[in-house]
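Understanding the architecture of this molecule
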Amino acid sequence: TNFTMVSAGSLSGQITDSQTGIGINGARISIDNDDYVTFTNSSGDYSFEGLSEGNHNAIASKSGYHSSNGEITIISGVLSLLDFSLLSLDANTGTLSGNVKNIFTDENITDAIVLISGRSDETDDNGNYVIHNILEGEHSISVSHADYFSDHNTVSIAAGSEQSHNFYLTPS
């Protein structure tokens with residue numbers, strides 16, 4: 001009889017409400033398209049045992065919230081941590097969109113990362129980005145790209161609306 005040794009690791013974390021910071025009871029966590037599934041306890045905590053070693057995709061979801069996904073690398077014999085913060089469907093949110101260009105040539109910058117309040121988007125071939133479900137209020141926004149100096153600003157997001165903010169980056 002031949003036996004194959006499977007390297008396994010474990011994963012734990014907490015799923016919280018992004019507005020209150022309180023753990024969400026009964027949230028669903030799915031790994032690799034439902035290869036592994038579990039639910040949070042009353043404190044929003046979850047755990048998996050016996051996950052195969054390697055890279056995995058995780059999705060956290062709960063009725064009444066926007067789902068969130070993340071990636072985790074599982075290492076044999078190691079407890080990995082992955083927390084999620086879910087935004088209520090009832091939250092007062094808005095959208096931010098814009099364009100990222102080279103300040104000298106006015107050319108669109110592809111693959112720049114625009115980040116606002118833990119949400120991000122990568123610019124497309126036309127230098128455009130769109131980030132949805134941003135809580136209303138004042139937020140810091142930043143943009144970065146390996147070939148350019150990063151930039152940042154402050155934007156005001158209004159509930160139910162789409163704000164626009166363009167960036168012009170200087171080559172590094």
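See above for the structure.
Note that the structure is a prediction, hence the values are computed from the model and not measured.

Basis of the calculations
Residues numbered from 1 in each chain as written. Predicted model: local features only at pLDDT ≥ 70, side-chain atom pairs only at ≥ 80, totals over all residues. Heavy atoms only, no water. Patch = residues over 30% accessible without salt bridge, like charges linked within 9 Å, V, L, I, M, F, W, Y side chains within 5 Å. Areas by Shrake-Rupley, 256 points an atom, 1.4 Å probe, with all protein chains shown as cover. Salt bridge = Lys/Arg side-chain N within 4 Å of Asp/Glu carboxyl O. Helix = DSSP H or I, 4+ residues; strand = E, 2+ residues; numbered from the N terminus. Pairing = 2+ DSSP bridges. Axes fitted to C-alpha atoms, helices over the stretch in contact; angles between N-to-C directions.

Time to look at a nonpolar patch on the surface. Among the surface-exposed residues, I103, F104 and Y168 lie close enough to one another that they form a single nonpolar patch of about 350 Å² accessible area. Along the chain, I103 turns up in the loop between β9 (93-102) and β10 (113-116).

With that out of the way, let us pick up the sheet that holds strand β6 (residues 68-74). Within the open sheet, the 4 strands sit side by side as β3-β2-β5-β6. Their pairing is antiparallel. This sheet does not close on itself; its edge strands, each paired only once, are β3 (36-39) and β6. In this sheet, neighbouring strand axes are inclined to one another by 20° on average, regardless of whether the strands run parallel or antiparallel. Alignment of strand β2 (residues 28-31) against strand β5 (residues 54-61), held across 4 bridges, turns out to be antiparallel. Its bridge partner being in β5, I29 is matched across the sheet by A60.

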